[in-house]
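Working through the structure, step by step
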Amino acid sequence: MVGHAWDTVVVGGGIAGLVAARDLAAAGRDVLLLEASPQVGGKLRTAEVAGLSVDVGAEAMLARRPEGVALAQELGAAVVHPTGAASAVWSRGALRDLPRSVMGVPLDLDQLARSGVLSPEGLARASTESDSAVDGDVSVGDLVAARLGDELVDRLVEPLLGGVYAGHARRLSAAAAVPQLLAMARRGRLLDQAAALPAATGPVFAGLPGGMGRLPALVRDAGGFEVRTSATVRALGRTPGGWALTVGPTTRAETVRARSVVLATPAAATSRLLADVAPAAAAELAGVEAASVAVVTLAFRAADVPDALFERSGFLVPPVEQRAIKASTFSFAKWGWVRDLDPDIVLLRTSLGRHGEEVTLQASDEGLVRASLADLAALAGITARPVDTHVQRWGGALPQYVVGHAERVARIRAALADQPGLAVCGATYDGVGVPAVIGSARRAVASLTQAE
Ligand SMILES: Cc1cc2nc3c(=O)[nH]c(=O)nc-3n(C[C@H](O)[C@H](O)[C@H](O)COP(=O)(O)OP(=O)(O)OC[C@H]3O[C@@H](n4cnc5c(N)ncnc54)[C@H](O)[C@@H]3O)c2cc1C
């Protein structure tokens, strides 16, 4: 069946696709957004735990980049900031204050020493920076290890990068993941430049009361474009006037036509959709690996949780510690709005799963809860039984920005340059954080609207 021809079809209803659809509609386009799952939002999602609605995907956004906060404000949402409770890292047998750093490179060596995160030998090594030239792209881990030693990488860089990318410091690209660090390394000594950085002003992170998971519905409800959920796009082909998309189950497949298309899907899905029309781009996209993760949310009775925990926003766990969880966020201590949901209930979450360690996730939901509780007892002294739990699995969720990623993205864009009316956006390209993903959607929209 061939229906109405749309001006633009956006494939994928994560935050990238929603923002692209909204902006294209605002530019006067007739837009349809097709989302495979029953709801829009992708990795922004809330769920009920102990009857309270909290984020089970992304729970914060950088406030230092404007796109996320500005979008929320345009949509009339209040923006909130974390309480200021300090983060910690589990290292060498204790929870220790997380020293201030640029992705592990300390801003203040005395503070690093006081934290006890490193052994005396590791601290001595991190305090004397070795000379090492940096040519081209290099992994964040190799860059920092060459200058400041392996222990700093294992105990600080790894957990910090693991929290954002669920990846490994010695594989993730400095150019794509932490360009500031690469630029500093090219200029000279990291320690001197980190120590000279101006004191941070204003909050680093922001969120929405009720959760980041509210943002997708706000974009959708702002209107201007049509949304179809439970609509998986299976194939994309060229037509004389634009594009034909095959949508829905193979037994009841439908053709949707459009003058232009935005693919706001993860790399693997984008690769499949481009297989016929842009095989070179499809092959590059197929090479982007992704990490699977799980978020376990636990609700405890407030009276059962040690008071001291209210002072921390959570903690990271370096892989060298060989625990099941890689982090825990004490949502009740980090966000005022979570604490206010119900003063008798304490909500926190753990995250599990790093790239290449999918075996951690090959457990039942109960198994992931058990592993989380065992680590919370051992590391944070939480021995109570939860009153409710929720397990959210995110398969292939975080694209790995490995060494050479920026060049790969440039090759993908070059391979699509001769495809008028086709644009890509999302977490694969310009950063995985919410503001960066919004930025990539804006770039896709600009490429379509400026081409006219
Ligand atoms: C557990 C977790 C925690 C995170 N925490 C943070 C955080 O605190 N702060 C932060 O800034 N970032 C965080 N991130 C990263 C951030 O959430 C994501 O990078 C971002 O939301 C990705 O948006 P997206 O639109 O590119 O992709 P997605 O959210 O993945 O959306 C893609 C959409 O495309 C749909 N789709 C796929 N294939 C098809 C198809 N064939 N047809 C139709 N639809 C299709 C999918 O169903 C999905 O809805 C986190 C990520 C995870 C997994």
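This section reports on the structure supplied with the text.

The rules behind the values
Residues numbered from 1 in each chain as written. Predicted model: local features only at pLDDT ≥ 70, side-chain atom pairs only at ≥ 80, totals over all residues. Heavy atoms only, no water. Near = heavy atom within 4 Å. Polar contact = N/O pair within 3.5 Å; in protein donor to acceptor, adjacent residues only side chain to side chain. Areas by Shrake-Rupley, 256 points an atom, 1.4 Å probe, with all protein chains shown as cover. Helix = DSSP H or I, 4+ residues; strand = E, 2+ residues; numbered from the N terminus. 1 Å grid on protein atoms, 1.4 Å probe; cavity = no way out; pocket = protein on both sides within 12 Å on 5 of 7 lines; lining within 4 Å. Points joined across faces, edges and corners; volume = space filled by probe spheres on them. Nonpolar A, V, L, I, M, F, W, Y, C, P; charged D, E, K, R; others polar. Pairing = 2+ DSSP bridges. Axes fitted to C-alpha atoms, helices over the stretch in contact; angles between N-to-C directions. Parallel < 35°, antiparallel > 145°, perpendicular 65-115°, else oblique. Left-handed = near helix turned anticlockwise from the far one by under 90°. Contact = heavy atoms within 4.5 Å. Core = buried A, V, L, I, M, F, W, Y, C linked by side-chain atoms within 4.5 Å. Buried < 20%, exposed > 50% of the residue type's maximum accessible area, 1.4 Å probe, protein only. Domains from an automatic or database assignment. Salt bridge = Lys/Arg side-chain N within 4 Å of Asp/Glu carboxyl O. Phe/Tyr/Trp six-rings, centres within 6.5 Å; stacked < 30°, edge-to-face > 60°.

1. Quick word on the site of the ligand
The ligand sits among 33 residues. The nearest are E35, K43, A60, V432 and V434. Backbone polar atom of A16 to an oxygen atom of the ligand: 3.0 Å apart, as the coordinates give it. The side chain of K43 places a nitrogen or oxygen atom 2.6 Å from an oxygen atom of the ligand. Protein contact buries 86% of the 1000 Å² of open area that the ligand shows by itself. Of all the secondary structure elements, the ones that give two or more residues to the shell around the ligand are α1 (15–26), β15 (290–301), β19 (388–399) and α17 (434–450).

2. Description of empty space enclosed by the protein
Considering all chains together, one arrives at one cavity of 30 Å³ or more under this definition. Taken as a whole, the largest cavity encloses approximately 60 Å³ of empty space. Forming the boundary of the largest cavity are V54, D55, E59, S331, W335, W337, V338 and R349. Grouping the amino acids of the lining of the largest cavity by side-chain chemistry returns four nonpolar, one polar and three charged.

3. Thoughts on the pairing of strand β6 (residues 86–91)
The pairing of β6 with strand β16 (residues 312–316) spans four bridges and is parallel. Among the inter-strand pairings, A88 is bridged to a residue of β16, identified as F315. Note: β6 against strand β7 (residues 94–97), four bridges, orientation antiparallel. In the strand pairing of β7, V89 is matched with R96. Here β6 folds back onto β7 in antiparallel fashion, the turn holding two residues, of which R92 has a positive phi close to 50°.

4. A few points about the packing of helix α12 (residues 279–286) against helix α16 (residues 405–416)
Where α12 contacts α16, the two axes come as close as 8 Å, and the packing angle between them is 160°. Between α12 and α16, the interaxial angle falls into the category roughly antiparallel. Once α12 is placed against α16, the crossing between them reads as left-handed. Every residue of α16 that contacts α12 at A280, A281, E284 and L285 is listed here: R408, R411, I412, A415 and L416. In terms of residue class, the contact of α12 with α16 is made up of six nonpolar, no polar and three charged.

5. What to know about the nonpolar core
If you look at the biggest cluster of nonpolar residues, it comprises 48 residues, and the most contacted ones within it are V140, L143, V144, L152, L161 and L181. For this core, the secondary structure elements donating two or more residues are α4 (120–127), α5 (140–148), α6 (150–165), α7 (174–177), α8 (179–187), α9 (190–195), β15 and β19. With seven residues, the single largest contributor to this core is α6. Counting the residues that make up this core, at least three belong to each of domain 2 (99–195) and domain 3 (290–399). What V140 contacts, discounting residues up to four positions off in sequence, is V157, L161, A169, L172, S173, A174, V178 and L181. Of all hydrophobic cores here, the second largest spans 36 residues; its members include V19, L44, V434 and V437.

6. As for the pattern of salt bridges
One pass over the full model with this rule turns up 25 salt bridges. A salt bridge links D192 to R189, with the nearest nitrogen and oxygen atoms 2.8 Å apart. Residue D192 is classed as partly exposed on the basis of its relative accessible area, which comes to 43%. The exposure class of R189 is partly exposed, given its relative accessible area of 35%. A single salt-bridge network, built from bridges that share partners, covers R22, D23, E74 and R442.

7. Examining the packing of aromatic side chains
Any two aromatic rings considered together are summarised by their centre-to-centre distance and by the angle between their planes. Counting across every chain of the model gives four aromatic pairs. Both rings, one in Y165 and one in Y401, keep their centres 5.5 Å apart while their planes meet at 50°; by these two values the pair is tilted. Of this pair, Y165 sits in helix α6 while Y401 sits in the loop between β19 and α16, placing them 236 residues apart in sequence. Note on accessibility: Y165 and Y401 belong to one class, buried. With a centroid separation of 4.7 Å and 70° between ring planes, the pair formed by F310 and F332 is classed as edge-to-face. Placement of the pair is F310 in the loop between β15 and β16 and F332 in helix α13 (residues 331–334), with a sequence separation of 22 residues. Residue class for F310 comes out partly exposed when judged on its relative accessible area of 24%. These aromatic residues form a ring-pair network of at least three members: F310, F315, F330 and F332.

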